[in-house]
Amino acid sequence: MRELTKAEEQIMLILWELKEAIVKEVIDKMEPPKPAYNTVSTVIRVLEGKGFVDHKAIGNTHIYFPTISEEQYRHFAFDKVMNNYFENSYESLVSFLVKEKKMDISQLDEIIAIAEQLKNKK
């Protein structure tokens, strides 16, 4: 799997939400200023080439749909951040969240509780 550009990610978020859409429906979901039809169509075709999107043709219309789930991409993106910025250390990640993002004690307690639940499932 490859990392998405900002434009590709914006379109994928819309396709994940809609499940399937024609280019015009994708544009309708975008915030102003809306890009040109040809721009969105080109980005969708690039996504298709990367294997993130496929289409079904109905007459002259192409209905696009994601082939990679949002969860699959979320795992990929998280693993990339963990590897590149936290040396695959959850301790470093939590330390960053507490120090830099001002995570409060109740949020930290939630993380600990989730970790304990996962540990007990093993």
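Further up the page is the structure itself.
Presented here is an overview of the structure given in this document. (Residues numbered from 1 in each chain as written. Predicted model: local features only at pLDDT ≥ 70, side-chain atom pairs only at ≥ 80, totals over all residues. Heavy atoms only, no water.)

1. What about the environment of G49?
- As for its placement among the helices and strands, G49 is situated in helix α3 (residues 37-50).
- Put simply, G49 and Q72 are 23 residues apart on the chain and 18 Å apart in space, counted from C-alpha to C-alpha. (Helix = DSSP H or I, 4+ residues; strand = E, 2+ residues; numbered from the N terminus.)

2. Regarding the packing of aromatic side chains
- Scanning the entire structure with this criterion turns up five aromatic pairs.
- Measuring from centroid to centroid gives 5.6 Å for Y73 and F76, while their planes differ by 40°, and the two rings are tilted. Of this pair, Y73 and F76 are both found in helix α4 (residues 70-86), three residues apart, which corresponds to roughly one turn of the helix.
- The exposure class of Y73 is buried, given its relative accessible area of 7%.
- A network of ring pairs unites the aromatic residues W16, F52, Y73 and F76 as a single cluster. (Phe/Tyr/Trp six-rings, centres within 6.5 Å; stacked < 30°, edge-to-face > 60°. Buried < 20%, exposed > 50% of the residue type's maximum accessible area, 1.4 Å probe, protein only.)

3. A closer look at the packing of α4 against helix α5 (residues 90-100)
- Interaxial distance between α4 and α5 falls to 10 Å at its minimum, and their mutual angle equals 85°. With respect to each other, α4 and α5 are oriented roughly perpendicular. Touching F78, M82 and F86 of α4 are Y90, S92, L93 and F96, all from α5.
- Residues belonging to the contact of α4 with α5 are distributed by class as follows: six nonpolar, one polar and no charged. (Axes fitted to C-alpha atoms, helices over the stretch in contact; angles between N-to-C directions. Parallel < 35°, antiparallel > 145°, perpendicular 65-115°, else oblique. Contact = heavy atoms within 4.5 Å. Nonpolar A, V, L, I, M, F, W, Y, C, P; charged D, E, K, R; others polar.)

4. Digging into unusual backbone geometry
- In this structure, the amide linkage connecting P32 to the following residue, P33, adopts the cis form with an omega of -5°.
- Among the secondary structure elements, P33 is positioned in the loop between α2 (23-29) and α3.
- At K19, a residue that is not glycine, the phi angle is positive and equals roughly 80°.
- Here K19 shows up in the loop between α1 (6-18) and α2.
- Taking relative accessible area as the criterion, K19 reaches 59% and is therefore assigned exposed.
- One non-glycine residue, E87, adopts positive backbone phi at about 50°.

Geometric descriptors of this kind do not, in isolation, establish any biological role.
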